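Architecture at a glance
Each chain, written out:
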Amino acid sequence: MTTSANPPATDPRKDSLIEYPSRFPIKVMGANVNGFVHAVTEVARRFDPGFDASTIELRDSRAGNYLGVTITITATSREQLDDLYRALSSHPMVKVVL
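The text that follows walks through the structure, step by step, so that each part is easy to find. Bear in mind the structure is a predicted one, so any value in this text is a computation, not a measurement.

When you go through the protein residue by residue, the secondary structure sums to 2 helices and 4 strands. For the protein, the succession of helices and strands along the chain, N to C, is β-α-β-β-α-β. Considering the protein as a whole, with its 98 residues, one finds that 30% of them fall into the buried category. Total accessible area on the protein is roughly 6,900 Å²; 52% of this is exposed by carbon and sulfur atoms.

Listed below in structure tokens is the structure:
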């Protein structure tokens, strides 16, 4: 007889392909304007206090109008990553987050 009083516990780590903690790259694209890299860095630090800005990779678009910024954070949970993606996506200087 099966009862629903004690449903099996699920381990959220098994629902993810990512092992936490891990280094996780995120590409952020926006207009190539002063302050864009600083803005992305500040958001990254809110979610990863140990974020190392020296690991940032920059790539200009062909015409130079846009800038791709790759940040690599220490991901500690799916919730942290989701919150970081939401914060970056809603930032007024950010066009795309991958």
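By size, the foremost hydrophobic cluster in this structure holds 20 residues, and its most contacted members are Ile-26, Ile-71, Ile-73 and Leu-88. Of all the secondary-structure elements, those providing two or more residues to this core are strand 1 (22-31), helix 1 (36-47), strand 3 (66-75), helix 2 (78-90) and strand 4 (94-97). No other element matches the 5 residues that strand 3 contributes to this core. Each residue touching Ile-26, except ones within four places of it in the same chain, is listed here: Val-69, Thr-70, Ile-71, Ile-73, Leu-81, Leu-84, Tyr-85, Leu-88, Val-97 and Leu-98.

In total, this model carries 3 salt bridges according to the counting rule given. Taking the shortest distance from any N to any O, the salt bridge between Arg-45 and Glu-42 comes out at 3.8 Å. Placement of the pair is Arg-45 and Glu-42 together in helix 1, with a separation of 3 residues, close to one helical turn. For the salt bridge of Asp-83 with Arg-86, the shortest nitrogen-to-oxygen distance reads 2.6 Å. A residue pair is termed a helical-turn pair when its members lie 3 or 4 positions apart in one helix, as Asp-83 and Arg-86 do in helix 2 at 3 residues. Taking relative accessible area as the criterion, Asp-83 reaches 27% and is therefore assigned partly exposed. Among the residues examined, Arg-86 registers a relative accessible area of 51% and is labelled exposed.

Take the sheet that holds strand 1 next. Overall, antiparallel pairing links the 4 strands, which are arranged 2-3-1-4 in an open sheet. A single partner strand is all that each edge strand has here, and the edge strands are strand 2 (57-60) and strand 4. The mean inter-strand angle of the sheet, taken between neighbouring strand axes irrespective of direction, is 25°. In the packing of helix 1 onto the sheet, contacts are made with strand 1, strand 2, strand 3 and strand 4, and the angle to strand 3 comes to roughly 15°.

Within the secondary structure, Thr-70 is located in strand 3. Beyond its immediate chain neighbours, meaning those up to four positions away, Thr-70 contacts Pro-25, Ile-26, Lys-27, Thr-55, Ile-56 and Glu-57.

A few words on unusual backbone geometry. Cis geometry is found at the peptide bond from Tyr-20 to Pro-21, where omega equals -10°. One can find Pro-21 in the segment before strand 1.

Procedures and definitions
Residues numbered from 1 in each chain as written. Predicted model: local features only at pLDDT ≥ 70, side-chain atom pairs only at ≥ 80, totals over all residues. Heavy atoms only, no water. Helix = DSSP H or I, 4+ residues; strand = E, 2+ residues; numbered from the N terminus. Buried < 20%, exposed > 50% of the residue type's maximum accessible area, 1.4 Å probe, protein only. Areas by Shrake-Rupley, 256 points an atom, 1.4 Å probe, with all protein chains shown as cover. Core = buried A, V, L, I, M, F, W, Y, C linked by side-chain atoms within 4.5 Å. Contact = heavy atoms within 4.5 Å. Salt bridge = Lys/Arg side-chain N within 4 Å of Asp/Glu carboxyl O. Pairing = 2+ DSSP bridges. Axes fitted to C-alpha atoms, helices over the stretch in contact; angles between N-to-C directions.

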